Amino acid sequence: MSDLLNRRLSLLGNHLPLLKQCLHGIERECLRVTAEGRLAQTPHPEALGSALTNEQITTDYSESLLEFITPALADPAEVLDNLEQVHRFVYTQLGDEYLWSPSMPCALPAEEDIPIAEYGTSNIGKLKHVYRKGLALRYGRTMQCIAGIHYNFSLPEALWPLLRQDEASAESDRDYQSAAYIALIRNFRRYSWLLMYLFGASPALDKGFLRGRAHQLEELDGETLYLPYATSLRMSDLGYQSNAQAGLTPCYNNLASYTDSLRKAVGTPYPPYVEVGTHVDGEWVQLNTNILQIENEYYSNIRPKRVTYTGERPIQALTARGVQYVEVRCLDINPFLPVGIDLTEARFLDAFLLFCALDESPQLENGECNQCSGNFLSVVKEGRRPGLELQRDGQPITLKAWASELLGRIGQLAELLDRAHGSDEHATALAEQQAKVDDPELTPSAQVLARMTEHDETFVKFALRQSQLHADNFRQQPLPAERQQAFETLARDSLAEQSRLEQQEVGDFDLFVGAYQASILAISN
Ligand SMILES: Nc1ncnc2c1ncn2[C@@H]1O[C@H](COP(=O)(O)OP(=O)(O)OP(=O)(O)O)[C@@H](O)[C@H]1O
Ligand SMILES: N[C@@H](CCC(=O)O)C(=O)O
Ligand SMILES: N[C@@H](CS)C(=O)O
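Residues numbered from 1 in each chain as written. Chains lettered and ligands numbered in written order. Predicted model: local features only at pLDDT ≥ 70, side-chain atom pairs only at ≥ 80, totals over all residues. Heavy atoms only, no water.

An unreviewed UniProt entry lists the chain under the name Glutamate--cysteine ligase, with Pseudomonas boreofloridensis given as the organism. The heading Pathway (unreviewed entry) in the UniProt record of the chain holds the text "Sulfur metabolism; glutathione biosynthesis; glutathione from L-cysteine and L-glutamate: step 1/2." (UniProt positions renumbered as here; feature names shortened; annotations may be inferred.)

In structure tokens form, the structure reads like this:
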């Protein structure tokens, strides 16, 4: 244990109530599919409200890729309850469609038949649509049908001044807080391979997903490709990643260097995109020809975040007010769980993220960045291989040994969280993770392969069966009338808000895009 972590643990031990004030918010994506498990070609159900303005129910890339967003709450159990209620409401409006249970997509139609999400005729609505056309051009629509769980987490703002004073830091509270979250991210880069081993749940995919691309996957059956020891093909180079962004890994030395890296990426033309241009046959095809159209396009495993004001861009918010929370973006959807994540996972994530935030976190230097990426890629592709070795400080160490050592250290944060909550839920969650390290067959990725083999079914058949199981579960538990009405009101109000935006909208779209682009270039740290 580092001296810094020990010092911080003892300080926190005298301020335990603070550990009940961390905030959590979850975003869960899922495809709408037909009863046969094909991608729904229907528009976003109007009864779910406006995808542009409904804060809880929207769409991600595709018109058929739903995204459910919870409020930020102190109790992860309440967050999961909110997420579950959204699922139950949505199922009252889906007709005979289903929510696809895993991260990797169903059998998809031809690229051009994957519907890009629509957000109406307002300038911001059109900008969101053109952005997605640009993603199709750059990464293909197929990859954008992958669904994930994003776990948003923050420590109480009152914690940082305590740590700052204890460490006699000369930084302002805001700069200290931002630096602490960037330090969390550096440790996350070091240790997030562990999350992929413990929670990765995409060891297999439908053959059609690869669209005939070259690959090193193995054939499980006529329709399914997999890797026997993979944990998360979603987070591999075949999944939600981008070669165009490969050289982009921003350095996480401090917030300014992070926002600088992103600002350069959204302002630097990328020759292959320049060749296409922003318009083809007079139609917008991408917002600009830069490495990233906007900062959202940077597909990192974790992001420093600040809630933005209306019309404000993420980098503007971060530069103006510093880091407020982190968004963990690498988590697969667990197809065995009705909402894709459960309280045990959330409890462990909290202990893990607190560990990343509070342990010492030297700058990533001397090739450690590459080492982090290499470890992450090894685990997503073969994390369950017996005897797999990772690299730590340039030396080989077995995943098993390193994972057990890490869980031992994270255990101290779990113990502190349990003392604050007067429970043993974090220690229990941690013990479940240690059991997976001791026996890889207990990991969700192993369970997916075992279940497919047990039922002798393709990935698509397994996923559809799980989707139908969860659908029955949700449909058999209708919401209390007042909650159903609350979601219906939210949907109705969001449609009215979108209409208001469209009626109020004035101004030329090209000028709107130009101003949006310029807003980022004018920022200085
Ligand atoms: N201080 C905070 N601590 C933890 N979670 C937060 C905090 N503030 C907001 N969140 C959560 O972060 C998530 C934000 O999701 P939302 O989709 O609204 O924004 P976004 O991720 O920036 O948007 P996009 O998905 O378009 O990039 C929500 O689940 C919200 O509850
Ligand atoms: N669908 C992506 C995330 C989309 C986005 O960038 O928000 C995922 O699998 O996590
Ligand atoms: N959410 C993804 C797909 S639209 C992005 O912002 O790039």
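Q: Help me out: how do you make sense of the sheet that holds strand β6 (residues 204-206) in this one?
A: Sheet strands pair by backbone hydrogen bonding; their relative direction is either parallel or antiparallel. The strand order across the open sheet formed by 3 strands is β6-β8-β7, and the pairing between neighbours is antiparallel. Looking at strand neighbours, the two that pair on one side only are β6 and β7 (218-221), the edges of this open sheet. Averaged over neighbouring strand pairs, the angle between their axes works out to 35° when direction is ignored. Relative to strand β8 (residues 224-226), β6 runs antiparallel, the two being bridged by 3 bridges. Each residue of the ladder has a partner; that of Leu205, found in β8, is Leu225. Where helix α15 (residues 459-475) meets the sheet, its contacts fall on β6, β7 and β8, and the angle it forms with β6 comes to roughly 95°. (Pairing = 2+ DSSP bridges. Helix = DSSP H or I, 4+ residues; strand = E, 2+ residues; numbered from the N terminus. Axes fitted to C-alpha atoms, helices over the stretch in contact; angles between N-to-C directions. Contact = heavy atoms within 4.5 Å.)

Q: What is the right way to look at the site of ligand 2 in this model?
A: Every residue lining ligand 2 is accounted for by Glu29, Asp60, Ile146, Ala147, Gly148, His150, Arg234, Tyr240, Tyr299 and Arg329. A distance of 3.4 Å is found between an oxygen atom of ligand 2 and a backbone nitrogen or oxygen belonging to Gly148. In isolation ligand 2 exposes 300 Å². Once the protein is present, 91% of that is buried. When grouped by side-chain class, the residues that make up the shell around ligand 2 number 4 nonpolar, 2 polar and 4 charged. (Near = heavy atom within 4 Å. Polar contact = N/O pair within 3.5 Å; in protein donor to acceptor, adjacent residues only side chain to side chain. Areas by Shrake-Rupley, 256 points an atom, 1.4 Å probe, with all protein chains shown as cover. Nonpolar A, V, L, I, M, F, W, Y, C, P; charged D, E, K, R; others polar.)

Q: Help me understand the site of ligand 1, please; the structure alone is not making it clear to me.
A: Neighbouring ligand 1 are 18 residues; Thr70, Pro71, Ala72, Ser154 and Lys305 lie closest to it. Interatomic distance of 2.8 Å between a backbone N/O atom of Thr70 and an oxygen atom of ligand 1. Within the side chain of Lys305, a nitrogen or oxygen atom sits 2.7 Å from an oxygen atom of ligand 1. Taking 640 Å² as the accessible area of ligand 1 by itself, protein coverage stands at 75%. Elements represented by at least two residues in the shell around ligand 1 include exactly β1 (23-33), β3 (65-69), β5 (149-154) and β12 (325-331). Its residues assigned to classes, the shell around ligand 1 comprises 8 nonpolar, 6 polar and 4 charged.

Q: Would you mind showing me how to read the packing of helix α2 (residues 76-91) against helix α10 (residues 343-358) here?
A: Helix-helix packing: each pair is described by the crossing angle between the helix axes and the interaxial distance. With their axes 10 Å apart at the nearest point, α2 and α10 run at an angle of 135° to one another. Classified by the angle their axes make, α2 and α10 are oblique. As for how α2 packs across α10, the hand of that crossing is right-handed. Across the interface between the two elements, Pro76, Ala77 and Leu80 of α2 pack against Leu343, Ala346, Arg347 and Asp350 of α10. (Parallel < 35°, antiparallel > 145°, perpendicular 65-115°, else oblique. Left-handed = near helix turned anticlockwise from the far one by under 90°.)

Q: What should I look at first to understand the packing of aromatic side chains in this one?
A: The description of two aromatic rings rests on the distance between their centres and on the angle between their planes. With the rule as written, the count across this model stands at 16 aromatic pairs. Relative to Trp402, the ring of Trp193 has its centre 4.9 Å away and its plane inclined at 50°; by these criteria the two rings are tilted. Taken as a pair, Trp193 in helix α6 (residues 193-199) and Trp402 in helix α12 (residues 399-421) lie far apart in primary sequence, 209 residues in all. The exposure class of Trp193 is buried, given its relative accessible area of 1%. Taken together, a centroid distance of 5.5 Å and an interplanar angle of 25° make the contact between Tyr252 and Tyr258 stacked. Judged on exposure class, the residue Tyr252 and its partner Tyr258 are both buried. The structure contains a cluster of three or more aromatic residues connected by ring pairs, namely Phe188, Phe199, Phe348 and Phe352. (Phe/Tyr/Trp six-rings, centres within 6.5 Å; stacked < 30°, edge-to-face > 60°. Buried < 20%, exposed > 50% of the residue type's maximum accessible area, 1.4 Å probe, protein only.)

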